[in-house]
Amino acid sequence: MILVRNYVNGIFVDSKETIEDINPATSEVIATIPRSNSDDVNEAVLAADKARDNWSSLSLDERRKWLEKIANALEARSGEIAKLESLDTGKPIKIARAVDASRSVANFRFFAEFSKDFHEQKFLMEDATNHVIFKPVGIAGLITPWNLPLYLLSWKIAPAIVMGNTVVAKPSELTPLTANLLAEVLDEVGLPAGVVNIVHGFGHETGQAIVSHPKVNLISFTGGTITGKKVAETAAPMFKKLSLELGGKNATIVLDDVDLDSAIPEIARSGFLNQGQVCLCGSRILVSDKIWNDFLEKFIGHVSNMKVGDPSSDDSDLGALVSLSHRDKVESYIHLAEREGGEILCGGKRPSLESPFDKGSFLEPTIVSNLDYQSRTATEEIFGPVVTLHKFEKDEDAVEMANCTDYGLAGSVWTSDSARGKSLAEKIETGMVWINTWLHRDLRVPFGGVKSSGVGTEGGRWSLSFFSQPVNICIKE
Ligand code: TXE
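So, about the packing of helix α5 (residues 149-162) against helix α6 (residues 177-189). Across the interface, α5 lies against α6 with an axial gap of 8 Å and an inter-helix angle of 45°. Our classification of the angle between α5 and α6 gives oblique. Handedness of the crossing formed by α5 with α6: right-handed. Seen from α5, the contacting residues are P149, L150, L153 and I157; seen from α6, they are T178, A179 and L182. Here the contact of α5 with α6 is built from residues that sort into six nonpolar, one polar and no charged.

Next up, the structure:
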C-alpha cells in the first residue's frame, strides 16, 4: 500500500482526509492520496508565491540546467515509472514503457534544449528599437488527466518552470502515483522549495480551488470538454491566461489507393492504443467504398487477434480501462450503438479473464458498423476501445463526414499518394492531421485543437509563449 502525500514548499505533507486509489485491473486498493481542500491549495499557492522572485531571477540557462537534472533523475527511475503507470491506469506495461516513461523524460530534456533559442527579439524602426522580452506569467495552475499521467504533467511542468513560473499542479485523483514519483525526484535533485508544488484531490474540490485562486495567474488544463467548460467559466472572468486541451472524435480516412497491409496495424493502433483512451485516437474510420470489403476483412482479422489481459504481461495489447465507472460509460455507448442500428463486427463484450483480473475493468476491442455517420455513437467522444466504420464514395464526402462533429483535434489520412492526402488534410477542420502515420510526434510542432477540442496551442515555441508574458520595451534613439 502506497501512501501518497502532497508536496508543498519542498516538504511532503499529510492531509486530514484521504481518497483510495484503485488498481483498475484488479479493483484492489493500492494507495491512499490526500483529499486536499482549499486550505491545502492555499498553502501550495503561498509556497509558489514565496518562491517566485528567486526562481524568476535565475538566468534561463540556470533553469535549463534544473530541467536536465530532473530529466536525468527521472530517467534513472524509468522502469519504476512504467510499472507505476501500468498499475495505476491499467495500461499494458509495454505501452507504459514505450510511451509514458520515455516521453516524460523527453519532455524535460526537450524543453531544456529547445528553450535555449527562445530569447529576446529586436524590431528596428528608423528612430527607435523595440526589445521584446519574455517574462514569467507568475503562478501556473496545472491540471492533468488520467490517460497519460506523467507524460502530460511533465509536458506542462517543464515549459512552465523553464520560463520562470512557479507551479501548483493537480494530477488526476485516479492516477496519482507517478506524480508522487516526480515529487520524490524533485526532492532528490533539490529543486528549490516552492517552485513545483503538487496537491492531490478531487477535481471539483482541489482542482476548482486552484482554478479559482486569485493568486494563480495561468491555468493549463487537459481533460474532458465538459470539465474544460467549467474551468473556463471560473478562469475567464478572472482574466487568467488559459489553455484547454480537451476531447476529440478523430477521423481516420482510408482512401482507395492505400496499401492496406502496411496501414491496418497502424489504423488499429490509432483506434485502440491505451484502450482507446487517448484524445488523439482515431475512433471514426471512414473507408472508401472501393476497398470496403477488403478493409473489413483485414481490419476485423487484425483487431480480433489483439490480446486483452494482465497489464503487467508483455503479451497484452490492451489492458484495463481506467475504472469500472469509465467502463460503464463506454459500455453505455455500445448499447447506444445497438439502439442506433449499429452492427457489432468484433468485441463488444467483457473478456473472460482469470482471478484477479475478473474484477478489473476490461473490455474487448470493439468495431461497430452500419451507423449513420451523424449518429451519437459516431460523433460523441467515447474514450474507450470502440471504433465505428463508415463508407464513403468521393474524397469530398470523406471531408464532410470528418468535419461533422463538434470536435476538431486530430485526424489521419491513409493513401499511397501523399499529395492527394495533403490536399484532403488541408480541408479537415482539426489542429493536426497525420498522413500514413499516427501519433508521430515532433515536440517542436503546434499541438492543440479547434472547435470543442480546446483553446490555445501547446508544443515547442507555443508552449514557451503560453508560459511567458511578452513585454515590448521601445527605446527612442
Ligand atoms: O475527466 P476530467 P474525467 C474525456 C473523456 C472522458 C471524459 C471525462 O471523454 O470520458 O473526459 O473524464 C480535474 N475544476 N477525457 O471525468 O473531469 C480532474 O480531477 C478543476 C479526455 O475523468 O476532465 C482531473 O485532474 N479541475 C481527456 C482533470 O480535471 C477539475 C483525458 C481531468 O478530469 C474539475 C481525460 C473542476 N471542476 C478525459 N473537475 C483528454 N483530452 O485527453 C475535474 N477536474
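More follows now that the structure is in view.
The full count for this structure, using the stated rule, is three cavities of 30 Å³ or more. Around the largest cavity sit 14 residues that line it, and G276, C281, S283, F383 and G384 are the ones nearest its centre. Approximately 60 Å³ is the volume attributed to the second largest cavity. Counting residues per element, the ones that place at least two in the lining of the second largest cavity are β13 (250-254) and β18 (407-408).

Right, let's talk about a nonpolar patch on the surface for a bit. On the surface, M1, I22 and V29 cluster together to form a nonpolar patch covering roughly 290 Å² of accessible area. Relative to the helices and strands, I22 resides in strand β4 (residues 18-23).

Here we take up the site of the ligand. Contacts to the ligand come from 27 residues, most closely from W146, E173, G224, K329 and E381. K170 has a polar side-chain atom sitting 2.9 Å from an oxygen atom of the ligand. Between the ligand and the protein, one listed contact pairs an oxygen atom with a side-chain N or O atom of T227 at 2.9 Å. With the chains in place, 86% of the 820 Å² that the ligand exposes on its own is no longer accessible. Counting only elements with at least two residues in the shell around the ligand, the list comes to α7 (203-212), β11 (218-222), α8 (225-235) and α11 (324-339). The leading source of residues in the shell around the ligand is α7, at four residues. When residues of the shell around the ligand are assigned to domains, at least three fall in each of domain 1 (2-246 + 453-476) and domain 2 (251-442).

To continue, consider the layout of surface pockets. Roughly 340 Å³ of internal volume is contained in the second largest pocket. I95, V99, R269, L273 and N274 are, among the 17 residues lining the second largest pocket, the residues nearest its centre. Taken together, the elements giving at least two residues each to the lining of the second largest pocket come down to α4 (93-114) and α9 (260-272). No other element matches α4, which puts five residues into the lining of the second largest pocket. Residues that form the lining of the second largest pocket fall into these classes: 10 nonpolar, two polar and five charged.

Let's shift gears to the nonpolar core. I70, L74, L182, V254, L280, F295 and F299 are the most contacted members of the largest nonpolar core, which totals 104 residues. Per element, the largest residue contribution to this core is 10 residues, and it comes from α5. Sequence-distant contacts of F299, defined by excluding residues within four places in its chain, comprise I264, I267, A268, F272, I285, I367, V387 and L389. V41, I143, A209 and I219 belong to the second largest nonpolar core, which has 21 residues in total.

What follows covers the domain arrangement of the protein chain. In many reports, interface size means the accessible area that the parts give up when they come together. The domain architecture assigned to the protein chain consists of domain 1 (2-246 + 453-476) and domain 2 (251-442). The C-alpha centroid of domain 2 is placed 30 Å from the C-alpha centroid of domain 1. Every contact between the two is made by 24 residues of domain 1 and, on the other side, 33 residues of domain 2. Between domain 1 and domain 2 the total buried area reaches about 2,200 Å² when both faces are included, carbon and sulfur atoms providing 55% of it. Among the residues domain 1 hides against domain 2, the three largest losses belong to A25, W146 and S453. Together they make up 23% of the total. Seen at the junction of domain 1 and domain 2, the total is 12 residue pairs in polar contact (both at pLDDT 80 or more). When contributions to the side of domain 1 that touches domain 2 are tallied by element, the ones reaching two or more residues are α3 (78-89), α4 and α5. Sort the elements by how many residues they give to the side of domain 1 that touches domain 2 and α4 lands first, with five residues. Partitioned by chemical class, the residues of the side of domain 1 that touches domain 2 number 11 nonpolar, nine polar and four charged.

The next point concerns the sheet that holds strand β20 (residues 434-435). Taken in spatial order, the seven strands line up as β15-β16-β17-β14-β13-β19-β20 in an open sheet, and their pairing is mixed. The two strands at the open ends of the sheet, each matched to only one other strand, are β15 (343-346) and β20. When β15 meets strand β16 (residues 366-369), the two strands line up antiparallel, connected through three bridges. What sits directly across from I344, in β16, is V368. Sitting on the sheet, helix α10 (residues 292-304) touches β13, β14 (282-288), β15, β16 and β17 (386-392), and the angle it makes with β17 is about 170°.

Note the cis peptide between S355 and P356, where omega equals 10°. For P356, the position within the fold is in the loop between β15 and β16. Positive phi outside glycine occurs at Q275, with the angle close to 60°. If you trace the backbone, Q275 turns up in the loop between α9 and β14. Relative accessible area serves as the criterion here: at 0%, Q275 is assigned to the buried category.

Moving on: the packing of aromatic side chains. Applying the stated criterion across every chain, the model contains nine aromatic pairs. Measuring from centroid to centroid gives 4.9 Å for F110 and F111, while their planes differ by 70°, and the two rings are edge-to-face. Ring geometry for F357 and F362: centres 6.2 Å apart, planes at 85°, overall edge-to-face. We note that F357, like F362, is buried. One cation-aromatic arrangement involves K69 over W66; the distance from NZ or CZ to the ring centre is 4.1 Å. For R103, the ring lying beneath its charged end belongs to Y151, and the centroid distance is 4.2 Å.

Conventions adopted
Residues numbered from 1 in each chain as written. Predicted model: local features only at pLDDT ≥ 70, side-chain atom pairs only at ≥ 80, totals over all residues. Heavy atoms only, no water. Axes fitted to C-alpha atoms, helices over the stretch in contact; angles between N-to-C directions. Helix = DSSP H or I, 4+ residues; strand = E, 2+ residues; numbered from the N terminus. Parallel < 35°, antiparallel > 145°, perpendicular 65-115°, else oblique. Left-handed = near helix turned anticlockwise from the far one by under 90°. Contact = heavy atoms within 4.5 Å. Nonpolar A, V, L, I, M, F, W, Y, C, P; charged D, E, K, R; others polar. 1 Å grid on protein atoms, 1.4 Å probe; cavity = no way out; pocket = protein on both sides within 12 Å on 5 of 7 lines; lining within 4 Å. Points joined across faces, edges and corners; volume = space filled by probe spheres on them. Patch = residues over 30% accessible without salt bridge, like charges linked within 9 Å, V, L, I, M, F, W, Y side chains within 5 Å. Areas by Shrake-Rupley, 256 points an atom, 1.4 Å probe, with all protein chains shown as cover. Salt bridge = Lys/Arg side-chain N within 4 Å of Asp/Glu carboxyl O. Near = heavy atom within 4 Å. Polar contact = N/O pair within 3.5 Å; in protein donor to acceptor, adjacent residues only side chain to side chain. Domains from an automatic or database assignment. Core = buried A, V, L, I, M, F, W, Y, C linked by side-chain atoms within 4.5 Å. Buried < 20%, exposed > 50% of the residue type's maximum accessible area, 1.4 Å probe, protein only. Buried area = accessible area lost by both parts, 1.4 Å probe. Pairing = 2+ DSSP bridges. Phe/Tyr/Trp six-rings, centres within 6.5 Å; stacked < 30°, edge-to-face > 60°. Lys NZ or Arg CZ within 6 Å of the ring centre and 35° of its normal.

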